[in-house]
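Coordinate analysis (summary)
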There are 2 protein chains.
Amino acid sequence: MNEVLVSESKQPGSKRIVAYFKERLLRGELKVGDRIMPERELAVELEVGRPLLREVLRSLSMLGLLDVRHGSGTYIGKADIRVLSDFFTFCLSQEQDILDDTMQARMAIECQAIRLACSRANEADLARIGQWLGVLIKTLGDPEEGGKADFMFHQSIVAASHSRSLTTLYGALAELLQLSHVERRKTTYRNPEIIGDLGEAHREVFLSIVAKDPDQADQRLREHFAIGDEVRRKSLIEAYRKGSEGA
Amino acid sequence: MNEVLVSESKQPGSKRIVAYFKERLLRGELKVGDRIMPERELAVELEVGRPLLREVLRSLSMLGLLDVRHGSGTYIGKADIRVLSDFFTFCLSQEQDILDDTMQARMAIECQAIRLACSRANEADLARIGQWLGVLIKTLGDPEEGGKADFMFHQSIVAASHSRSLTTLYGALAELLQLSHVERRKTTYRNPEIIGDLGEAHREVFLSIVAKDPDQADQRLREHFAIGDEVRRKSLIEAYRKGSEGA
DNA sequence: TGCGTTAAGTGGTCTTACCAATTGTGCCCA
DNA sequence: TGGGCACAATTGGTAAGACCACTTAACGCA
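Residues numbered from 1 in each chain as written. Chains lettered and ligands numbered in written order. Predicted model: local features only at pLDDT ≥ 70, side-chain atom pairs only at ≥ 80, totals over all residues. Heavy atoms only, no water.

- Going by what an unreviewed UniProt entry lists, chain A is known as HTH-type transcriptional regulator LutR and is assigned to Palleronia marisminoris.

Here you go:
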């Protein structure tokens, strides 16, 4: 969308349509909930055919920027970050070891979020984090349910930061992160000692938020991540050994 | 794209088209660089009209997932994160004080990236960071050029992390971050003392990477952000006082 | 005044036609 | 025999017109 600015009439129709929306959205002329001009009228105004206009409208709709309602009209939507979960999955899935690397993005967002949560979390936030901590502990022996609870626990912390940009980024990675949680659980869930440590580590993370100590919370969370890394490293070594002996 | 799975033939045409691509991309049947079936053939196979197919192809193309070449064919693209810069800008620009909040996302990504850069940065990375440090110092008195150099300095650090997910997220926020850099400079550039401190702070950040000390690098970067916040707080207070006296 | 019916307005999908860019094939000439 | 040029085929780009389907508004009648 960031094209070199040339005479609008010389630009391909599709780019003129995109520019039309971009300008009006950024100018505030079109706001969430506004109804835009009907397709046939807009096509005439932009001097394009309706099929081409619909191509762009569909694109913007798939991003959530437009809310197209059959028989009613087309409205400016609230940009939907959920669509990005798929996109990020596509984007990053073309990379090797992406689940491992996603940990970096997760650590980046969560460590900053937990710092903010220490000062911004309200009673409802703390209650929600505590609730997911409870569910997590109950489901320690179940990789699927435990992985989901683990994800929700961490997502509650990010939500407690009350930072729109952090929750947006976290939401964009949600599908990959959730997959990562479940995969991690599957490599470790059979070891009761590890499982016990896992619950304990999450409890300490929670308590550090309650204590409202940003540096400590950041540290506890990093320790939690490091424990998880170490656990998986040992599991891999053990699996490798078993594999060698079997050979 | 995460729709409830129903009989494919009963789904609207557009959803079937999206599902067609999603399945084949995730299955690895379609890889970057592959050429897909010509439009007219694909329309027949999916039992949709060509205009509808083009609507979805245009959408996927705008996300960079498809590389459509006039007269040549349609190829699977490498998902282009640059498109997300605009989308994130739309997404987050619907929020109040978004430039301020974007700082949180920036801090999250950069503080994690700089930790990784301490162990992963190679000679070329360090040279590039140093180069942008030089440009930054030369352009301290120019908000536009200095803002760009500042952004590039920080972006080089993120690149030096060699983390695909962090660079992807940072790229998605690039437009907002760059705007943020320039805006910050505009509030402070007239004060020579602040400007001097700015150059010095960046130098210390750079040196901490060279020293390969993750905790120190993280701390220096946070101090740098804190100094920037303090500077802007003072500038706002001063502007407010002047405003009051003028009233 | 409220309900039902009809018509108008709006998006959804498709067929057909034609334009424009790229690529491949065949023929001619050196 | 090889290279170059021209033409045709293949592919994407754009549009008009037709018709379907959903929503909303207006009008008439009880």
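1. A closer look at the overall build of chain A
- A count of helices and strands for chain A gives 11 helices and two strands.
- In sequence order, the secondary structure elements of chain A are arranged as α-α-α-β-β-α-α-α-α-α-α-α-α.
- Pairs at least 24 apart in sequence give 68% of the contacts found in chain A among residues at least 6 apart.
- Carbon together with sulfur atoms contributes 52% to the accessible area of chain A, which is approximately 12,100 Å² in total. (Helix = DSSP H or I, 4+ residues; strand = E, 2+ residues; numbered from the N terminus. Contact = heavy atoms within 4.5 Å. Areas by Shrake-Rupley, 256 points an atom, 1.4 Å probe, with all protein chains shown as cover.)

2. Quick notes on the protein's contact with DNA strand D
- Around DNA strand D, a shell composed of 24 residues is seen, among which A:Gly49, B:Arg35, B:Glu39, B:Arg50 and B:Arg54 lie nearest.
- One of the side-chain N or O atoms of A:His70 is found 3.0 Å from a base nitrogen in DNA strand D.
- Looking at the surface near DNA strand D, the elements that each hand over two or more residues are helix 3 (50-62) of chain A together with helix 2 (39-46), helix 3 (50-62), strand 1 (66-69) and strand 2 (73-76) of chain B.
- In terms of residue class, the surface near DNA strand D is made up of five nonpolar, nine polar and 10 charged. (Near = heavy atom within 4 Å. Polar contact = N/O pair within 3.5 Å; in protein donor to acceptor, adjacent residues only side chain to side chain. Nonpolar A, V, L, I, M, F, W, Y, C, P; charged D, E, K, R; others polar.)

3. Section: the protein's contact with DNA strand C
- With respect to spatial proximity, 24 residues lie near DNA strand C, and among them A:Glu39, A:Arg50, A:Arg54, B:Gly49 and B:Pro51 are the closest.
- Restricting the count to atoms of DNA strand C within 4 Å of the protein gives a sugar and phosphate share of 62%.
- A:Gly71 is positioned such that a nitrogen or oxygen atom in its backbone is 3.0 Å from a base nitrogen of DNA strand C.
- The contact in question runs from a phosphate oxygen of DNA strand C to an N or O atom on the backbone of B:Gly49, over 2.8 Å.
- Of all elements in the fold, only helix 2 (39-46), helix 3, strand 1 (66-69) and strand 2 (73-76) of chain A together with helix 3 of chain B reach the threshold of two or more residues within the surface near DNA strand C.
- For the surface near DNA strand C, the class distribution of residues is five nonpolar, nine polar and 10 charged.

4. Some thoughts on the packing of helix 7 (residues 143-160) of chain A against helix 10 (residues 192-210) of chain A
Residues and elements named next belong to chain A.
- Contact pair helix 7 / helix 10: the axes reach a minimum separation of 12 Å and the direction vectors enclose 15°. Classed by the angle they form, the pair helix 7 and helix 10 counts as roughly parallel. Considering the relative orientation of helix 7 and helix 10, their crossing is left-handed. Taken together, the residues of helix 10 that come into contact with helix 7 (itself represented by Asp150, Phe153, His154 and Ile157) are His202, Val205, Phe206 and Ile209.
- Of the residues belonging to the contact of helix 7 with helix 10, the class tally is five nonpolar, two polar and one charged. (Axes fitted to C-alpha atoms, helices over the stretch in contact; angles between N-to-C directions. Parallel < 35°, antiparallel > 145°, perpendicular 65-115°, else oblique. Left-handed = near helix turned anticlockwise from the far one by under 90°.)

5. Topic: the environment of A:Met37
- By the element assignment, A:Met37 lies in the loop between helix 1 (13-27) and helix 2.
- Residue A:Met37 is classed as partly exposed on the basis of its relative accessible area of 25%. (Buried < 20%, exposed > 50% of the residue type's maximum accessible area, 1.4 Å probe, protein only.)

6. Looking at the state of the cysteines
- Enumeration over the complete set of coordinates arrives at zero disulfides over all chains.
- Lacking any disulfide linkage, A:Cys111 is separated from the closest cysteine sulfur, that of B:Cys111, by 9.7 Å.
- Taking relative accessible area as the criterion, B:Cys111 reaches 1% and is therefore assigned buried. (Disulfide = S-S within 2.5 Å.)

7. A closer look at the pattern of salt bridges
All names here are of chain B.
- Counted by the stated rule, this structure contains 32 salt bridges over all chains.
- Note that Arg54 is salt-bridged to Glu39, the shortest N-O span being 2.8 Å. One end of the pair, Arg54, is in helix 3; the other, Glu39, is in helix 2, and 15 residues separate them in sequence.
- Since its relative accessible area comes to 14%, Glu39 is described here as buried.
- We note a salt bridge from Asp125 to Arg128, for which the minimum N-O separation is 3.5 Å. One end of the pair is Asp125 and the other is Arg128, both in helix 6 (residues 123-138) and three residues apart, which spans about a single turn.
- For Asp125, a relative accessible area of 4% puts it in the buried group.
- Look at Arg128 and you get partly exposed, because its relative accessible area is 34%. (Salt bridge = Lys/Arg side-chain N within 4 Å of Asp/Glu carboxyl O.)

8. Overview of unusual backbone geometry
Residue and element names in this part refer to chain B.
- Not every positive phi belongs to a glycine, and His162 is a case in point at roughly 55°.
- Structurally, His162 can be placed in the loop between helix 7 (143-160) and helix 8 (164-172).
- Residue Lys212 is not a glycine yet carries a positive backbone phi of 60°.
- One can find Lys212 in the loop between helix 10 (192-210) and helix 11 (214-246).

9. A few points about the nonpolar core
- Ranked by internal contacts, the top residues of the largest apolar core, which has 38 residues, are A:Phe21, A:Leu53, B:Phe21 and B:Leu53.
- Elements supplying a minimum of two residues to this core: helix 1, helix 2 and helix 3 of chain A together with helix 1 (13-27), helix 2 and helix 3 of chain B.
- With residues near it in sequence (within four places) discarded, A:Leu53 still touches A:Ile17, A:Glu39, A:Leu42, A:Ala43, A:Leu46 and A:Val48.
- Membership of the second largest hydrophobic core comes to 26 residues, among which are A:Phe151, A:Val158, A:Ala174 and B:Leu177. (Core = buried A, V, L, I, M, F, W, Y, C linked by side-chain atoms within 4.5 Å.)

10. Digging into helix 10 of chain B
Residues and elements named next belong to chain B.
- Given a rise of 1.5 Å per residue, 19 residues ought to cover 27 Å, and the 28 Å separating the end C-alpha atoms of helix 10 matches this to within 8%.
- Within the sequence span of helix 10, burial applies to Ile194, Ile195, Leu198, Gly199, Ala201, His202, Val205, Phe206, Ser208 and Ile209.
- Where helix 10 ends, the next residue or the one after it, Lys212, has phi of about 60°, a positive value. (Expected span 1.5 Å × (residues − 1).)

11. Side note on helix 3 of chain A
- If you check helix 3 of chain A, its first and last C-alpha atoms are 18 Å apart, about what 13 residues at 1.5 Å a residue would give, namely 18 Å.
- Where helix 3 of chain A is concerned, the buried positions are A:Leu53, A:Glu55, A:Val56, A:Leu57, A:Ser59 and A:Leu60.
- Packed against the buried residues of helix 3 of chain A are helix 1, helix 2 and strand 1 of chain A together with helix 3 of chain B.

12. Side note on the side chain of A:Arg24
Residue and element names in this part refer to chain A.
- Relative to the helices and strands, Arg24 is located in helix 1.
- Note on Arg24: relative accessible area 18%, which makes it buried.
- Ignoring any residue separated from it by four or fewer positions in sequence, one finds Arg24 in contact with Glu29 and Leu30.

13. A word on the environment of A:Ile36
Residues and elements named next belong to chain A.
- Positionally, Ile36 belongs in the loop between helix 1 and helix 2.
- Overall, Ile36 belongs to the buried group, its relative accessible area being 7%.
- When the C-alpha positions of Ile36 and Gly73 are compared, they lie 7.5 Å apart, and in sequence the two are 37 residues distant.
- Those residues in contact with Ile36 that lie beyond four places of it in its chain are Phe21, Leu30, Leu42, Leu57, Thr74 and Ile76.

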